[in-house]
Amino acid sequence: MISSSFCALAILSVALALPMPDDALSEQSSNSTTPTVSFAADPSINVAAIYAAAKAATSDSLATFPTTQAKTVYSTIYGDWLNLTGVSAFQFIADMDVDCDGVAFQCEGNSSSEGTTSFGHLDATQVPYFVIPDQFTSPQLKPNALGAIICDGKMFYAIFGDTNGDGVPVDADGHAQEVIGEASLLLAQTCFPDAGITGANGHGPADVAYIVFGDQVPSGVGDTTIDIGELKTLGDQQVKLLQAALNIDGGSPASAGEGTSQSATPTSATSLPDQSKSSTPE
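As the structure is a prediction and not an experimental result, all values here were calculated from the model.

*Asks:* Is there a simple way to explain the overall build of the protein chain in this structure?
*Replies:* Looking only at helices and strands, the protein chain features five helices and eight strands. In sequence order, the protein chain lays out its α and β elements as α-α-α-β-β-β-β-β-β-β-α-β-α. For the protein chain, the proportion of contacts with a sequence separation of at least 24, taken over those separated by at least 6, is 73%. Counting only carbon and sulfur atoms, one obtains 52% of the accessible surface of the protein chain, whose full area is about 13,400 Å².

*Asks:* Looking at this structure, how should I read the environment of Gly161?
*Replies:* Mapped onto the elements, Gly161 comes out in strand S6 (residues 154-164). In sequence terms Gly161 and Ser118 are 43 residues apart; their C-alpha atoms lie 6.6 Å from each other. Sequence-distant contacts of Gly161, that is, excluding residues within four places in its chain, are made with Thr117, Ser118, Phe119, Leu122, Tyr129, Phe130 and Asn144.

*Asks:* Please clarify how the state of the cysteines should be interpreted in this entry.
*Replies:* By definition, a disulfide links two cysteine residues through a covalent bond between their sulfur atoms. Evaluation of the coordinates by the stated rule reveals two disulfides. With its sulfur 2.1 Å from that of its partner, Cys151 forms a disulfide with Cys191. Because the sign of the S-S torsion sets the handedness, a value of about -70° for the bond joining Cys151 and Cys191 places this disulfide among the left-handed ones. Note that Cys151 is positioned in strand S5 (residues 146-151) and Cys191 in helix H4 (residues 185-191), a separation of 40 residues in sequence. Cysteine pairing in the protein chain follows 1-2, 3-4, where each cysteine in a disulfide is numbered by its order in the sequence.

*Asks:* Would you mind going over the packing of aromatic side chains with me for this structure?
*Replies:* Centre-to-centre distance and the angle between the planes together describe a pair of aromatic rings. Applying the stated criterion to the full structure yields five aromatic pairs. Put simply, the rings of Phe119, Phe130 and Phe160 touch in pairs and so form one group of aromatic residues.

*Asks:* Please explain the pattern of salt bridges as it appears in this structure.
*Replies:* Oppositely charged side chains can form a pair if their charged atoms are brought close together. A complete count under the given rule lists two salt bridges for this structure. Two residues, Lys154 and Asp152, come together in a salt bridge whose shortest N-O distance is 3.1 Å. Its salt-bridge partner being Lys232, residue Asp236 comes within 2.9 Å of it at the nearest N-O pair. Of this pair, Asp236 and Lys232 both sit in helix H5 (residues 228-245), four residues apart, which is roughly one turn of that helix.

*Asks:* Teacher, can you tell me more about the nonpolar core here?
*Replies:* By size, the foremost hydrophobic cluster in this structure holds 69 residues, and its most contacted members are Ile50, Met96, Met155, Tyr157, Leu187, Ile211 and Phe213. Excluding residues that lie within four positions of it along the chain, Phe213 makes contacts with Val87, Ser88, Ala89, Ala145, Leu146, Ala148, Gln238, Val239 and Leu242.

*Asks:* What am I meant to see in the pairing of S5 here?
*Replies:* Each regular strand shows side chains that alternate between the opposite faces of the sheet. For S5, a buried count of six out of six residues is recorded, marking the element as mostly surrounded by other parts of the structure. With burial as the criterion, each face of S5 is covered, one bearing Leu146, Ala148 and Ile150 and the other bearing Gly147, Ile149 and Cys151. Two strands pair when backbone bridges link them, and S5 and S6 are joined in this way by six bridges, in the antiparallel orientation. Bridging from a neighbouring strand, Cys151 pairs with Lys154 of S6. In this antiparallel pair of consecutive strands, S5 and S6, the connection spans two residues, and Asp152 shows a positive phi of 55°. As judged from the five bridges shared by S5 and strand S8 (residues 203-213), these two strands associate in the antiparallel manner.

Each value, and the rule that gives it
Along each chain, the written sequence defines residue order, and numbers are assigned to residues from 1. The predicted origin of the model limits local features to residues at a pLDDT of at least 70 and limits the giving and counting of side-chain atom pairs to 80 or more, whereas totals for whole chains, interfaces and linings rest on all residues. Side-chain metrics rest on all non-hydrogen atoms present in the structure, leaving aside hydrogens and water. Helix and strand definitions follow DSSP, with helices as H or I runs of at least four residues and strands as E runs of at least two, each counted in order from the N terminus. Any two residues whose heavy atoms approach within 4.5 Å at even a single point are treated as in contact. In short, Shrake-Rupley with a 1.4 Å probe defines the accessible areas, and a residue's cover is counted only from the protein chains shown. Throughout, disulfides are identified as pairs of cysteine sulfur atoms within 2.5 Å of each other. In summary, the pairing rule links any two rings of Phe, Tyr or Trp, Trp by its six-membered ring, whose centres are within 6.5 Å, and it sorts them by plane angle into stacked for under 30 degrees, edge-to-face for over 60 and tilted for everything else. Salt bridge, as used here, is a side-chain nitrogen of Lys or Arg placed within 4 Å of a carboxyl oxygen of Asp or Glu. For the purposes of this section, nonpolar cores are sets of buried Ala, Val, Leu, Ile, Met, Phe, Trp, Tyr and Cys residues that join through side-chain atoms within 4.5 Å. With a 1.4 Å probe rolled over the protein chains alone, any residue whose accessible area is under 20% of its type maximum counts as buried; one over 50% counts as exposed, and the rest are partly exposed. Here, strands pair whenever DSSP counts at least two bridges between them.

Below is the structure:
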């Protein structure tokens, strides 16, 4: 007589040998512990073409700031896209220093941060945010405004969560030595995961595009955290409107420079100096 335990073992062996149904595979995939970036742009967005258009849209200069205290590289904020059909944004291309102000002010390598951000106490390890110089003012710029950041050929969404320049030294002309190109630790590490980003070490080359939808603020912005889902929803909506306004075809090229399509903006980008540096806390 064949034992019941032997029969159970045989049935189990057969079951394991059978291919897994597609729906089961899908469920397994959805339950995977592999981390995903929930504030990344939708794949239908043509990141490379938008990046090229941002580099080329240089007619309406709003303000210019150095990217370092050494003042060897400068970045200009442009308003060419402020009055497009159905969408409004300004943009600039700069480096990416690291900001740890707020809850995570004692982040590794950063000794000069403070416990508050300009509009609250955001957690730089949990919230993707970018920084604008304190001297830059614009009717189109609201606190916690939406931004689309293009870094290393990828696009991520963030909010305007902090300013810099308050209390920094002044130059010989009496102007605050404010610099441009800065983001929260989370955003910087997401943009450049293999670069050893810390509070004292950012991304030096001035090749990151910051597209700011100054009159758009996502729902769910709190004192220390934000609703990432609302951020992504509004980000995808506004960038798709921008893409349409620029007559850019949709797509998902792997990196900037691949598969670009025609744009209403001239495609001959104005190059910025490719100067590497180690970022210092700001």
